Each structure stands twice: as C-alpha cells, then as structure tokens.
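What follows is the residue order along each chain.
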Amino acid sequence: NPFGTAPTIEGESGVPATGTPISLNFKLFAADAVGNPLPDSSANTINEEGETSAYYVVLAVDGSGNPLAAQPAGTLDVKFTNVNAGAADYTGAVTSATIGAAFSSTAVNDALADDGETFTVALNGNYSQAGDYEAITYSPATVTTTITDNDIVSIKSITSDTKVEGSSLVHT
C-alpha cells in the first residue's frame, strides 16, 4: 500500500462484503474543469492570459492509486505552497475540498514577465467523515502548477544623455 499502513481492505474493489470500506485512501489529482483526472495527474499549467484556471480533484483510491468507482461523501483540507511563485501570482483560496468535486486556482494577470513560476497543492488531512472508518490515509503526492505568461519585457535605449549646461535632460 503506497499510502501508509492502513488496514487491508477486503476484496479487489476495496469494499468488504458489507459494502462499506473499512479504510479509505485519498489522493489529489490535476483535473479538468468538471473533476476528471488529467493523464499527467501530478502537474498542470495555467496562463496569465487566456485559460487562467487550473483544476484539482480529491478522490478516494484503491491500494494501487486508482480512483474508486463510488466516491464517499465529505470534505478534507488542502494546502497551497509557493515554490517560486508569490501570493500575488495566483489565487488558491480553497482550503477545504469536497471529495470528487473540482476546485481551482487562478493566475493573476499582471504587467510583469514572470514565466515559469510554480506552486504545489497537497492534501492536508482532516477528512470530515473519518469517524465512519477504521483508518484514513492521505497520499503525500502533490500537484505542481506552473504559471505561464506572454508579457514582453521592454527595454528602451537612451541614444543621447548629454545636454548643454543649463538645459533639462529628460528620459522617457
């Protein structure tokens, strides 16, 4: 089990004969806007222009990390961590995610050319229905989001920086 030492779940589907799992494993995925995991579920990209939102989804998974067919109800905490992005570069206000529902972060379009800034999103525990199960485990895997930008840095050249004494020197 790649998520820790939770008790083994009976049966291949992760659900014992009674129909209720005895433990749950949760994993965070990069997703599309409706919550379908992306093929590379550990990374996504957002742009300061155009598509400015990146999506994520928390799903209960089996011991191999594959989403369960039926998702449990409830919420759990997630956290956003800056790698080389700053708090002004994106919004990621969601700290509690609903299992199986997409949530997002949005790039902030500024005038700075700051291509390639990254931040991570991770599970932070506190499953709201944990008391219904013997064990809850959280995948330590994160989703890395990269912010792209097409702002152009412009540099003006000063062609003359001399003036006759007593006259004004102006650079624009």
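These numbers were taken from a predicted model, which means no experiment stands behind them. (Residues numbered from 1 in each chain as written. Predicted model: local features only at pLDDT ≥ 70, side-chain atom pairs only at ≥ 80, totals over all residues. Heavy atoms only, no water.)

The next point concerns the side chain of Thr120. Tracing the backbone shows Thr120 in strand E8 (residues 117–123). The class for Thr120 is buried, based on a relative accessible area of 15%. Contacts of Thr120, omitting those with residues within four sequence positions, involve Lys79, Phe80, Thr81, Val83, Thr142, Val143 and Thr144. (Helix = DSSP H or I, 4+ residues; strand = E, 2+ residues; numbered from the N terminus. Buried < 20%, exposed > 50% of the residue type's maximum accessible area, 1.4 Å probe, protein only. Contact = heavy atoms within 4.5 Å.)

Another aspect to go through is the nonpolar core. As a rule of thumb, soluble globular proteins bury nonpolar side chains together. Counting 27 residues, the largest nonpolar core has Phe26, Tyr56, Val58, Phe103 and Phe119 as the members making the most contacts within it. Among the elements of the structure, strand E1 (23–31), strand E3 (53–61), strand E4 (75–82), strand E7 (103–107), E8 and strand E10 (143–148) are those that each provide at least two residues to this core. Among the nonpolar cores identified, the runner-up in size contains five residues, and Phe29, Ala31, Val57 and Leu59 belong to it. (Core = buried A, V, L, I, M, F, W, Y, C linked by side-chain atoms within 4.5 Å.)

In terms of residue burial, E8 counts as a mostly covered element, since seven of its seven residues are buried. Of the two faces of E8, the one lined by Glu117, Phe119, Val121 and Leu123 and the one lined by Thr118, Thr120 and Ala122 are each fully buried. As paired strands, E4 and E8 are joined by five bridges and run antiparallel to one another. Each bridged residue has a counterpart across the sheet, and for Asn82 the counterpart in E8 is Phe119. (Pairing = 2+ DSSP bridges.)

A few words now on the confidence of the model for the protein chain. Averaged over every residue, the pLDDT of the protein chain is 81; the share at 70 or more is 74%. The least confident element of the protein chain is strand E2 (residues 43–47), whose mean pLDDT is 80; the most confident is strand E9 (residues 135–138), at 96. Scored below 50 in pLDDT, residues 1–17 shows 37 contacts in the model against residues more than four places distant or in partner chains. (pLDDT = per-residue confidence, 0-100.)

Moving on, we come to the sheet that holds strand E6 (residues 96–98). Strand order in the open sheet formed by five strands is E2-E10-E8-E4-E6, with mixed pairing between adjacent strands. The open sheet has two free edges, formed respectively by E2 and E6, since each of these has just one partner strand. Neighbour-to-neighbour, the strand axes of the sheet open up by a mean angle of 30 degrees, direction not taken into account. (Axes fitted to C-alpha atoms, helices over the stretch in contact; angles between N-to-C directions.)

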